[in-house]
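Overview (structure and organization)
So you can see what is in the structure, the chains are spelled out below.
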Amino acid sequence: RHTALKYSSHKFGGDVAPSTTVSEDHLAPLEAECMAIVRNFISTAADEIDRRDAGETLTTKPLVEQLSAKYHEPYYKLFKARKELGHERFIEEVMTPENMRLHGRFIEKTQDALVDIQWIPDINPKEYIQFSLLGIPMAQFDRFVPPEVVEDFKTRFGMYVKRQPNSSVVAKLGVDKALCVEWLKHHVDGFSLDKSIAFGDIPVSVDKPLVMYGAAGMPFISLSTTPHTNPPEVDPRLQIGDEEEGCAVFLNNLFKSVEANPGKTTASGSLFTPEVILAASKVSQEQIRDAAKQQPHL
């Protein structure tokens, strides 16, 4: 009901309410603010590692090591480049806007951009709705995005800022993952909730809108590593965990489960029947548990 009311004022035939978007005119100053936050984090994290390498004993875990392990190597490469070039050259030659917004430029494995600018497809001129700032640990959000900065984004640009495990998101009020689903429903032929599966690793907050579509027929697969925080709407039988790796494990088992049940479909013709999904989830949970047992304890 909340989602239906929230988007009832939007015209999804090709237009989106202006209050939810950023125009091209306001893109440059907003992007500059976002990039300044990311540059500050990288410089602060690099200084910290330099001090540790010089023999200083750090009283807290290094900032870079508070991020998921998949980001450690690319950030250490950036720190090395900064040390070789010096801070000024590093900012001028490496931390350019073009490099920071380019997917895979620094984070090759996951093809992330340091500042990911997201817009609504098929609308001209482009309407920007969200900016993802990579590399700020959730626990360090207030340090790099203090309350006065949050308030500045709100008053100057009409945008809110929220923390995530490895990033921060700057978005227009009213923009969340439900907006993406509603766009798909109105713009993609053949898309329907009962033929779709949603995935997310933070069902308690940023992925909560996807969770709520479960009642409308789209199951939600939780990739959360902290299942005790899952909202009650998350089916514990569909709790996989392990983030991207868990997603890959589930997808492999989902396709195997479909192959093991030829000809079985839902009333709408979807191959992803509840039985197929539950079977894939059960096997995935077992495989992830077995893999965790084999991991050495540090």
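In this report, the structure presented in the accompanying data block is examined. Keep in mind that what you see is a predicted model, and the values were worked out from it rather than measured. (Residues numbered from 1 in each chain as written. Predicted model: local features only at pLDDT ≥ 70, side-chain atom pairs only at ≥ 80, totals over all residues. Heavy atoms only, no water.)

1. What about the sheet that holds strand E3 (residues 159-163)?
The condition that has to hold: Any two strands with at least two DSSP bridges between them are considered paired. Comment: elements are numbered from the N terminus, with helices defined as DSSP H or I runs of at least four residues and strands as E runs of at least two. Throughout, an axis means a line fitted to C-alpha atoms (over the contacting stretch in the case of helices), and angles, computed between N-to-C directions, take values from 0 to 180 degrees.
Spatially, the 4 strands line up as an open sheet ordered E1-E2-E4-E3, and their pairing is antiparallel. The open sheet is flanked by strand E1 (115-119) and E3, the only strands paired with a single partner. Going across the sheet, the axis of each strand differs from the next one's by a mean of 20°, ignoring polarity. Note that E1 and strand E2 (residues 128-134) share 5 bridges and pair antiparallel. Residue pairing for E2: Ile117 is matched across the bridge by Phe131.

2. Digging into unusual backbone geometry
A positive phi angle, near 65°, is found at Asp242, a position not held by glycine. Along the chain, Asp242 turns up in the loop between strand E6 (220-222) and helix H10 (243-259). Backbone geometry places Glu243, a non-glycine residue, at a positive phi of 50°. Looking at the element boundaries, Glu243 is found in helix H10.

3. Examining the pairing of E3
In this sheet, strand E4 (residues 167-172) lies alongside E3 in antiparallel orientation, the contact comprising 5 bridges. Within the sheet, the bridge partner assigned to Tyr160 lies in E4 and is Ala171. In sequence, E3 turns back onto E4 through a hairpin of 3 residues.

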